[in-house]
Amino acid sequence: QLRALPGIVKVERIEARPEFRLSYDSGLTSTNQILAGLLGLNIPIQGFAEDRRHLNEAFMDLTAKGIR
């Protein structure tokens, strides 16, 4: 259901908890639209927060897999 929301490009489950991290295309949607879509799914929501990544963190995530 989460992947079907407009603009969502990736859904990750956080550990074994009922917590998810959603990555989205900011050109297609906004956090307000995502939250509205989540509320429309009638699933329980205990918290919702935007976690913005800095460019250097995103770069390290992409390149760290190749570094040994």
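This section reports on the structure supplied with the text. (Residues numbered from 1 in each chain as written. Predicted model: local features only at pLDDT ≥ 70, side-chain atom pairs only at ≥ 80, totals over all residues. Heavy atoms only, no water.)

What follows concerns the overall build of the protein chain. Across its full length, the protein chain holds 2 helices and 2 strands. Beginning at the N terminus, the succession of helices and strands in the protein chain can be written as β-β-α-α. Put simply, of all contacts in the protein chain between residues at least 6 apart along the chain, 21% involve residues at least 24 apart. Accessible surface, the protein chain as shown: approximately 6000 Å² in total, 53% of it carbon and sulfur. (Helix = DSSP H or I, 4+ residues; strand = E, 2+ residues; numbered from the N terminus. Contact = heavy atoms within 4.5 Å. Areas by Shrake-Rupley, 256 points an atom, 1.4 Å probe, with all protein chains shown as cover.)

When you line up the elements, glycine 7 lands in the segment before strand 1 (8-13). Once you skip the residues sitting within four places of it in the chain, glycine 7 turns out to touch Ser23, Tyr24, Asp25, Leu28 and Thr29.

Right, let's talk about the nonpolar core for a bit. In terms of nonpolar packing, the biggest core is built from 6 residues, these being Leu2, Leu5, Ile8, Val11, Ile34 and Leu38. Every element with two or more residues in this core is listed here: strand 1 and helix 1 (31-40). When residues no more than four places from it in sequence are discounted, the contact partners of isoleucine 8 are Leu2, Arg3, Leu22, Ser23, Tyr24 and Ile34. (Core = buried A, V, L, I, M, F, W, Y, C linked by side-chain atoms within 4.5 Å. Buried < 20%, exposed > 50% of the residue type's maximum accessible area, 1.4 Å probe, protein only.)

All chains considered together, the criterion is met by 1 salt bridge. Across the pair arginine 17 and glutamate 19 runs a salt bridge whose closest N-O atoms are separated by 3.6 Å. (Salt bridge = Lys/Arg side-chain N within 4 Å of Asp/Glu carboxyl O.)

Moving on: the pairing of strand 1. Pairing between strand 1 and strand 2 (residues 20-24): 5 bridges, direction antiparallel. Bridging across to strand 2, isoleucine 8 finds its partner in tyrosine 24. Linking two consecutive strands that pair antiparallel, namely strand 1 and strand 2, is a turn of 6 residues; a positive phi of about 50° is found at glutamate 15 within it. (Pairing = 2+ DSSP bridges.)

Function cannot be read off these values alone, since they describe shape.
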